[in-house]
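Spelled out, the chains give:
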Amino acid sequence: MKIIVMTTDELFVTLEVDPQELVENVKALLEVETQVPLQQQQLLYHGREIKNMDRLSLIGLVEGDLIMMVSTPSRTEENDLSLNLDGSVVNPRAMQQHIRNDWHLMNLLLERDPAFAEVVLGDNLDVFQNTLKQQH
C-alpha cells in the first residue's frame, strides 16, 4: 500500500509499504529519503506518536493515509559542550557560540589570548578545533 509522509518543512514523501511492516522499517526508508536519522524521527498518525514496534495495519493505517514526521535534534547537535580526549570539542559550533555569548569570557580572551579570541570570533571550525587540540 502507498502512504504519504509529510515532514515539518512540508516535504511530501510517498512510500510503498506492506501493511504488516513495522514502523521502525518505515523510519529506515524515510532516513534514505529525507536524510533524517532514524533515531531523530518521531512519526505521528492522527495526532498520536506511533512506536517503532507498531505494525502499520494494527494502528489502522490504510492506503493513502498521511503520517507526519517530526525530527528531533540530538543532544550533540543542540548544545553538547563536552571535550574529546584530544582536547577538541564534540560540537565545535556549540562551544564557539557558548564562548562568543559569554561577554566576560570574551573580554578575558581578548585581553589575555588575543590569538585564540580571534579564532573564536572566526568562521573556520577546523581552525577552532585544531587550536583547542594544540592548547590541550
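The sections below set out a description of the structure shown in this document. (Residues numbered from 1 in each chain as written. Predicted model: local features only at pLDDT ≥ 70, side-chain atom pairs only at ≥ 80, totals over all residues. Heavy atoms only, no water.)

Concerning the pairing of strand β1 (residues 2-7)
- In this structure, β1 lies alongside strand β2 (residues 12-16), joined through 5 bridges in antiparallel fashion. Note on β2: the bridge partner recorded for Ile4 is Thr14.
- Hairpin connection of β1 to β2: 4 residues between the antiparallel strands, including Glu10 at a positive phi of 65°.
- When β1 meets strand β5 (residues 66-71), the two strands line up parallel, connected through 4 bridges. Looking at β5, one finds that Thr7 is bridged to Met69. (Pairing = 2+ DSSP bridges. Helix = DSSP H or I, 4+ residues; strand = E, 2+ residues; numbered from the N terminus.)

A closer look at the nonpolar core
- Of all hydrophobic cores here, the largest spans 18 residues; its most connected members are Ile3, Leu15, Val26, Leu30, Leu43, Leu61 and Ile67.
- For this core, the elements supplying multiple residues, two or more each, are β1, β2, α1 (23-34), β3 (41-45) and β5.
- The biggest single contributor to this core is α1, with 3 residues.
- Among residues more than four places away in sequence, those in contact with Ile3 are Val13, Thr14, Leu15, Val17, Val26, Leu61, Val62, Asp65 and Ile67.
- Membership of the second largest hydrophobic core comes to 11 residues, among which are Val89, Met106, Phe116 and Ala117. (Core = buried A, V, L, I, M, F, W, Y, C linked by side-chain atoms within 4.5 Å. Buried < 20%, exposed > 50% of the residue type's maximum accessible area, 1.4 Å probe, protein only. Contact = heavy atoms within 4.5 Å.)

Regarding the pattern of salt bridges
- One pass over the structure, following the stated rule, counts 2 salt bridges.
- One salt bridge in this structure joins Glu49 and Lys51, with 3.5 Å as the shortest N-O distance.
- Across the pair Asp86 and Lys133 runs a salt bridge, and its minimum N-O distance is 3.7 Å. Of this pair, Asp86 sits in the loop between α2 (75-79) and α3 (92-101) while Lys133 is found in helix α6 (residues 125-135), placing the two residues 47 residues apart along the sequence.
- Given a relative accessible area of 34%, Asp86 falls into the partly exposed group.
- For Lys133, a relative accessible area of 38% puts it in the partly exposed group. (Salt bridge = Lys/Arg side-chain N within 4 Å of Asp/Glu carboxyl O.)

Focus on α1
- With 12 residues, α1 extends 16 Å from end C-alpha to end C-alpha; this agrees with the ideal 16 Å at 1.5 Å per step.
- In the core, the buried residues of α1 are packed alongside β1, β2, β3, β4 (48-50) and β5.
- Gln35 lies just past α1 and shows a positive phi near 70°. (Expected span 1.5 Å × (residues − 1).)

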